[in-house]
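# What the coordinates show
So the chains spell out like this:
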Amino acid sequence: MARLDPHSYVDSDHPRARHLRLWLSVNFGARRLDGTAALELEAPAGGTLDLDTKELEILGVTTGREEPVAFELGDEQPILGRRLRLALPAGTREVRLRYRTSPDAPALQWLSPEQTAGGAHPFLFSQCQSIHARSLAPLPDTPRNRLTYEAEVEVPEPLGAVMSAGPAGDRAGERPGTRVLRFDMPQPIPPYLLALAVGRLEFRDLGPRSRVYAEPQTVEAAAYEFAGTEAMIATAEKLFGPYDWDRYDMLVLPPSFPYGGMENPRMTFLTPTVLAGDRSLVDVVAHELAHSWTGNLVTNADMDHFWLNEGFTVWAERRLLEALHGQEATVLSWAIGEKALEESMERFGKDSPLTRLRTDLAGTDPDDAFSSIPYEKGARFVALLEHAAGRDRFDRFMRRYMARFRFTSITTEEFLAFLEDEMPGLAAKLGASEWLYQPGLPANAPVFRSARLDGLVALAAGFPRGERPKAAEAARWSPAEMLVYLQDLPREIDHEGCAWLDATLGLTGRGNHEILVEWLTVAGAPTTSPPSRACARCCSRSAA
Ligand SMILES: [Zn+2]
């Protein structure tokens, strides 16, 4: 027995699944999916196969040749869910599982019409990271077991559906008033990147390989906001190599989407709070797009190596921003990230094992361990390697890293071995084991400074002494400059000072959600969506 992922029942000694065929019927009334999941095995096999499930009702299991398969659901474990143990007849190539999801499935958010922008139709979306795919379908829910997939989704008309996959046609459903949409994902993904959204959707093309989907009420604003997407993809390709996923589409979710963004391949999910009206929050797209290389192409083997996904992605996002907007703008992003890092270090305590990059989360729910540490400490470690190696050499290293491990899921130790092969001695020289295996932030962490950043920090610090930005000057500030200034303001500003800030900087009622949240913190107002949740999961800005 070899259970390699602390958050999965999958046993590496068991037969391995390589392809998933899903058939799903979306039942908004009962808030559940009725489904069949067919798992194709890598090679004909027999004997025991353990899968992950959470709150699934298993209705029946057969082989692809309709032979019955005996199964047994283990006891419910609070983090892992229930092990589904199958006894496969010899020579099994495919196993088919009929099942139903629960209305409380952690992967699925069922919105009533009132929770959408349109107000007329219900909406469903999934969020499978970190370990929730098992509540959408019975499967090997570990990034170590990558799967290609295809799906048919039956939805009530006039609703549409998108998945983290390419659209592959649609047809009238067997049941009146339904439509069946087909999807195909030919690249092997970790199961946490399985994604589905169902609702009243329209799309606008943004370029030859990208479009944005949203509710009809939001789609024009979304198309305006993300008009620069193709330029961003082209810039990313110059930095990191060819875009390997064919299309880069995005979905803007209804207002109740609780995350900044989720890098579902071919279909990034985004919060509508990025629709600032002035293209000032499209950096979230830079982060999600960068995941197409770091995270989706080269993936953490399990959640103990999450920094490989997020540290590299924050670093890549900032390289992308530097190429698009210059170094001054990027230093501001590092400064905003530093605040998030400090906040996480303070929350856990600098000696907490949760501040290590390589964690040990056996027995811990990955959602409870979520913080800015893998993002911002991880990005600083990657930047340290870049600075020490030199940019050209490090860029060549990154391209070889991605070529070597593309479409695989790796551990910190596999990364370290590759680093040692490519740049012998560098890890030891920089104290990589302290960075990876010890808590806190090592003393050789890179510092990101610029005259612009220093100026904003000094101006904010001078507020109690009466130093004020000129209104005309502040009007020209970028959203990042405004955010840095607000973050560095003292927290104890009196009513008069707050009134001056609000009137001069026009803060209340800003479309930019991050600025608004920071302003409400300065002004002492209770925020309904604290940054750590409003911008959680994947948005790397201020709070992710
Ligand atoms: Zn991310």
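Above this text is the structure in question.
Model, not experiment: these values are computed from the prediction.

## Remarks on the packing of helix H7 (residues 391–405) against helix H8 (residues 412–422)
Relative orientation of the contacting elements H7 and H8 amounts to 130°, with a least axis distance of 11 Å. As far as their axial angle goes, H8 and H7 are oblique. Considering the relative orientation of H7 and H8, their crossing is right-handed. Here Arg393, Phe397, Arg400, Tyr401, Arg404 and Phe405 of H7 lie close against H8, whose contacting residues are Glu414, Phe415, Phe418, Leu419 and Glu422.

## Digging into the packing of aromatic side chains
By the definition in use, this model includes 28 aromatic pairs. Measuring from centroid to centroid gives 5.2 Å for phenylalanine 125 and phenylalanine 257, while their planes differ by 75°, and the two rings are edge-to-face. With phenylalanine 125 in strand S7 (residues 123–126) and phenylalanine 257 in the loop between strand S15 (249–252) and strand S16 (261–262), this pair connects stretches of sequence that are 132 residues apart. Comparing phenylalanine 125 with phenylalanine 257 shows no difference in burial state: the two are buried.

## Observations regarding the sheet that holds strand S17 (residues 267–270)
The sheet built from five strands is open, its strands ordered S13-S14-S15-S17-S16 with mixed pairing. A strand with exactly one partner marks an edge of an open sheet, and here the two such strands are strand S13 (202–207) and S16. Inspection of the sheet shows strand S14 (residues 210–214) paired to S15 by two bridges, in the parallel sense. Looking at S15, one finds that tyrosine 213 is bridged to leucine 251. This element, helix H3 (residues 283–290), spans S15, S16 and S17 of the sheet and lies at about 145° to S17.

## Describing helix H4 (residues 306–325)
An α-helical segment advances 3.6 residues per turn. Residues three or four places apart therefore align on the same side. Along its 20 residues, H4 runs 28 Å from first to last C-alpha, staying within 8% of the 28 Å computed at 1.5 Å per residue. Phi turns positive, to about 95°, at glycine 326, one or two residues after H4.

What counts, and at which threshold
Residues numbered from 1 in each chain as written. Predicted model: local features only at pLDDT ≥ 70, side-chain atom pairs only at ≥ 80, totals over all residues. Heavy atoms only, no water. Axes fitted to C-alpha atoms, helices over the stretch in contact; angles between N-to-C directions. Helix = DSSP H or I, 4+ residues; strand = E, 2+ residues; numbered from the N terminus. Parallel < 35°, antiparallel > 145°, perpendicular 65-115°, else oblique. Left-handed = near helix turned anticlockwise from the far one by under 90°. Contact = heavy atoms within 4.5 Å. Phe/Tyr/Trp six-rings, centres within 6.5 Å; stacked < 30°, edge-to-face > 60°. Buried < 20%, exposed > 50% of the residue type's maximum accessible area, 1.4 Å probe, protein only. Pairing = 2+ DSSP bridges. Expected span 1.5 Å × (residues − 1).

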